[in-house]
Amino acid sequence: MDFPTILQILDSAVRLMTPLLLACLAGLYSERAGVFDIGLEGKMLMAAFAAAAVAYATNSAWLGLCAGIMGALAMSAIHGLAAITFRGNQLISGVAINFLASGLTVLLGQKIFGLAGRTPALAGPARFSEITLPFAEALRPVPVIGPIYAELISGHTILVYVAFAMVPLTWWVLYRTRFGLRLRAVGENPASVDTAGVSVTRLRYGAVAICGVLCGIAGAYLATGISAGFVKEMTAGRGFIALAALIFAKWRPWAALGATFLFGLLEALANRFPNLDLGIITVPSMFMSALPYILTVIILAGFVGRAIPPRAGGEPYVKER
Amino acid sequence: MTARPEAVNGAPAIELRGISKAFGPVQANKNIDLIVPRGTIHGIIGENGAGKSTLMSILYGFYRPDAGEILIGGGPITIHDSQTAIRAGIGMVFQHFKLVQNFTVLENVILGAEDGRLLRPSLARARGELKRLASEYELQVDPDAMIEDLSVGHQQRVEILKALYRQADILILDEPTGVLTPAEADHLFRILRGLRDEGKTIILITHKLREIMEITDNVSVMRRGEMVASVKTSETSPSQLAELMVGRKVLLRVEKAPATPGAPVLEVRGLRMVDAAGVERLRGIDLDIRAGEVLGIAGVAGNGQSQLLEILGGYPEKGARLEGEIRLKGAALPLTGSDARARREAGVGHVPEDRQVEGLIMDFSAWENVAFGYHDAPEFQNGWLMNQAAIRADASAKIERFDVRPPNPELAAKNFSGGNQQKIVVAREVERNPDLLLIGQPTRGVDIGAIEFIHKRIIALRDAGKAVLLVSVELDEILALSDRIAVMFDGRIMGERLPDQATTADLGCLMAGVEPGTPPEQAIPPAMGPAGVA
């Protein structure tokens, strides 16, 4: 493999990992606050549809992004209501959200656009365009660094940069701010927060809302950044892969970056080498495409060391005497 | 932060007037009046379910009272939530600590009382403040230690520090010594006295008469939701308090005839156990129990008693390595590859330490729980089906004989009070007449009436010529019931004593791992009140 090929694969991995990273960080906020969320998939899907539909109608990717965030937030509100206010089972609520999004997007899409669940293709300002960073062309001739800057670092949509900026930001919020301290505490022992006179409910709603915003950006990126429009079930399990990455990362922001990069890289490799020729045998394309999902199963089965989730995760908080 | 009422000169720290609180049909607090003078330690004592915790929860803002008035420092105040209580200068140390296990001490202390949006300045200030409090009140804790690495005693100090960091003037402690060693409890009392001398007001909720007598200035007694007495501690006695608590005379000492030990029932030789994590929990235990005798195992919780009971009961911890020998009536019992059922069939009854986890299925009805473990008995079978009628009839009879209240076998186990849950478990095991009864913490969280009853049944079983292994962290209980006392420390039997020859000081030394005779480093617990009122 030569240098330009490697760069191309890495570049593709960066694009593909972006929705995973955003969803993974979304899940991180929610689960660190003690609200398990297997509805990341549904939130992203809803956001992708809302973003594509509004971007098409208004011809503005930015308004699409707003709509995507609102769509995901609506799903978050349902999850919050079920899991926090009514103390329901968080897994069931998450499953319900996934089904709801899967059905609702197709239904609305068919009703509005009549294209069998698709939205019309987006073009121009209805999509996020790629940004060329300053001096990208000027630096290109510089050996090694030039191509890395011009190919890999420059030339992505704004949402990719947002996703990567979210990693240090999340770390900072989590470990350096009052909100982060309380967020982590409420996921470990909500009683400690409650007896300190801080509202468990408000904190958890806050975390679930942040989760919605990030899922919204992830969904908008899928529909208006990486593709040009919404397609039925376009998240294709990315919400679950993000969840696997979150466990792999042991609920830590920097590790989430690494974990989602691994998944992005696998997907990029599968795209680049559909039929990987290893000399003796040719790996079939189906296997290559299945790689991220196989890794997900391996991670979820616990083959990568013990991951200790937040201790109060999955449990509604009931004040005891 | 202006909610703190102005202190009126000479006004009591806390005054409650006519506080009432009902949960559905249950009247938890009835027209409670309470005055706690500033700078005193005030004990609140009462049986389980007497309403002590409810009253304190009202004071800390967990519940709103249905009626009544709260005055802090002479000024009336409405406590909506914990935040109001904290601002009014009330701090609470719960029985189950409200700490985040994987946070440092500092992080736990500032949680909810941060100075601003960023943590760094808060942490710096808390570090200095902790240093000051540590030197002032003997509250030394490493500020950077993780809570999960701290001993229970140190975790409790963190809870006290949390309250002091929030500038609490009134400190409420709910059953603070339940989890402490005698030395730790002593240290806690020194801290509390120091706080009182600085003018803080302390409310101590406990069911241990000894602590009330030792440390409080005043004591209030609660019974069935009512405040039945408030007296100066110096003007009362343990037996008077016990009487007030239950509303009738209780037997402070268990009546029992001298034991007539027969043939050995249980012989344990060189029992060692290394748990899955590689920690040696039992370091060579030798025990003998004869027919018609109660062997009491005293010791601070966590010194191997639980492991011993589990091994004898047939369910050692998974992954543990065991060696040694157990003989029941001369026949060797397998150490591993056995289970609780095989042990029951061999004649071992077991009342486990934690009834809610090991003794009962909380969502199942009482009659099912009474049958558990013995549901395969031939009289409960109807071909290959369960003979529900027979099981129900059997359960009803046992529930009646053990005075389980309410006497309704259809009620789920979780709907009974702690004492009645325990009676269900004891009824199940004792009524089967086992040759050996293992009984762990028989009266933990059980009210005095039920304690008396359970103690009588244990003695009755002994008098019927059965062997009893009693494990309890309550020294009073061990002293009242045992014919011989063995003290466990760090997986070993430190020594054996006869109850009438053992002094509490002597046993306290053994429990702390100190051979009596050598000058002990740790403080010896002072003389106990009359035994039996654990």
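Residues numbered from 1 in each chain as written. Chains lettered and ligands numbered in written order. Predicted model: local features only at pLDDT ≥ 70, side-chain atom pairs only at ≥ 80, totals over all residues.

### Concerning the overall build of chain B
Of the regular secondary structure elements, chain B holds 17 helices and 22 strands. For a compact globule of 534 residues, the expected C-alpha radius of gyration is about 24 Å, and chain B comes in at 25 Å, within 12% of that figure. Counting all 534 residues of chain B, 47% fall into the buried class. (Helix = DSSP H or I, 4+ residues; strand = E, 2+ residues; numbered from the N terminus. Rg over C-alpha atoms; globule rule 2.2 N^0.38 Å. Buried ≥ 20, exposed ≤ 12 C-beta atoms within 10 Å, placed from the backbone.)

### Here we look at the UniProt feature "domain: ABC transporter" (unreviewed entry) in chain B
Summarizing the sequence annotation, UniProt attributes the feature "domain: ABC transporter" (unreviewed entry) to residues 14-249 and 266-515 of chain B in the numbering used throughout. Note that residues 266-515 of chain B is 34% helix and 27% strand, and that its end C-alpha atoms are spaced 26 Å apart. (UniProt positions renumbered as here; feature names shortened; annotations may be inferred.)

### Brief notes about the sheet that holds strand S13 (residues 293-298) of chain B
Residues and elements named next belong to chain B. Here 6 strands make up an open sheet; going across it, the order is S16-S19-S20-S13-S21-S22 and the pairing mixed. Taken across any chain shown, the strands that pair with only one partner, and hence form the sheet edges, are strand S16 (348-351) and strand S22 (492-497). When strand polarity is set aside, the average angle formed by the axes of neighbouring strands in this sheet is 20 degrees. Pairing of S13 with strand S21 (residues 484-489), which is carried by 4 bridges, proceeds in the parallel orientation. Considered in S21, the bridge of alanine 298 is made with valine 487. Running over the sheet, helix H14 (residues 418-430) touches S16 and strand S19 (436-440) and is turned about 175 degrees from S16. Strands in contact with helix H15 (residues 448-463) are S13, S19 and strand S20 (467-471); relative to S20, the strand with the most contacts, it is inclined by about 150 degrees. (Pairing = 2+ DSSP bridges. Axes fitted to C-alpha atoms, helices over the stretch in contact; angles between N-to-C directions. Contact = placed C-beta atoms within 7 Å.)

### Quick word on the nonpolar core
Ranked by size, the top nonpolar core spans 236 residues in total, and within it Ala48 and Ala245 of chain A carry the most contacts. Of the residues that make up this core, three or more belong to each of domain 1 (14-246) and domain 2 (264-511) of chain B. Those residues in contact with alanine 245 of chain A that sit more than four places away from it in its chain are Leu20, Cys24, Ala256, Ala259, Thr260 and Phe263 of chain A. (Core = buried A, V, L, I, M, F, W, Y, C linked by C-beta atoms within 7 Å. Domains from an automatic or database assignment.)

### What to know about the UniProt feature "transmembrane region" (unreviewed entry) in chain A
Residues and elements named next belong to chain A. The UniProt entry lists residues 6-28, 35-56, 91-113, 158-175, 207-231, 251-270 and 290-308 under the feature "transmembrane region" (unreviewed entry), expressed in the numbering used here. Within the segment residues 35-56, helix and strand shares are 77% and 0% respectively, and the terminal C-alpha atoms sit 34 Å apart. This span, residues 207-231, is 80% helix and 0% strand, and a straight line between its end C-alpha atoms measures 29 Å.

### Brief notes about the pairing of strand S4 (residues 67-72) of chain B
All names here are of chain B. Where strand S1 (residues 14-23) and S4 come together, 5 bridges link them in antiparallel fashion. Among the inter-strand pairings, serine 20 is bridged to a residue of S4, identified as alanine 67. The hairpin formed by S4 and strand S5 (residues 75-77) contains 2 residues between the paired strands, and glycine 73 there has a positive phi angle of roughly 60 degrees.

### Quick notes on the sheet that holds strand S3 (residues 41-46) of chain B
All names here are of chain B. Pairing is mixed in the open sheet, where 6 strands are placed in the order S6-S7-S8-S3-S9-S10. At either margin of the open sheet sits one strand with a lone partner, and together these are strand S6 (90-93) and strand S10 (226-232). Averaged over neighbouring strand pairs, the angle between their axes works out to 20 degrees when direction is ignored. With 4 bridges joining them, S6 and strand S7 (residues 170-174) adopt parallel strand pairing. Residue glycine 91 lies in a different strand from S7, and its bridge partner there is leucine 171.

### Some details on the pairing of S10 of chain B
Residue and element names in this part refer to chain B. Bridge count between strand S9 (residues 218-223) and S10: 6 bridges; the pairing is antiparallel. Within S10, the residue paired with valine 221 across the bridge is alanine 229. Connecting the antiparallel pair S9 and S10 is a turn made up of 2 residues, with arginine 224 showing a positive phi of about 45 degrees.

### A short note on the domain arrangement of chain B
Residue and element names in this part refer to chain B. In terms of domain boundaries, chain B breaks down into domain 1 (14-246) and domain 2 (264-511). Distance from the C-alpha centre of domain 1 to the C-alpha centre of domain 2: 34 Å. Listed per partner, the contact involves 7 residues of domain 1 and 11 residues of domain 2. Looking at side-chain class alone, the side of domain 1 that touches domain 2 contains 3 nonpolar, 3 polar and 1 charged residues. (Nonpolar A, V, L, I, M, F, W, Y, C, P; charged D, E, K, R; others polar.)

### Details of the environment of threonine 177 of chain A
Among the structural elements, threonine 177 of chain A can be located in the loop between helix H7 (158-176) and helix H8 (178-188). The class of threonine 177 of chain A is partly exposed, set by 17 C-beta atoms lying within 10 Å. Beyond its immediate chain neighbours, meaning those up to four positions away, threonine 177 of chain A contacts Arg117, Leu118 and Leu119 of chain B.

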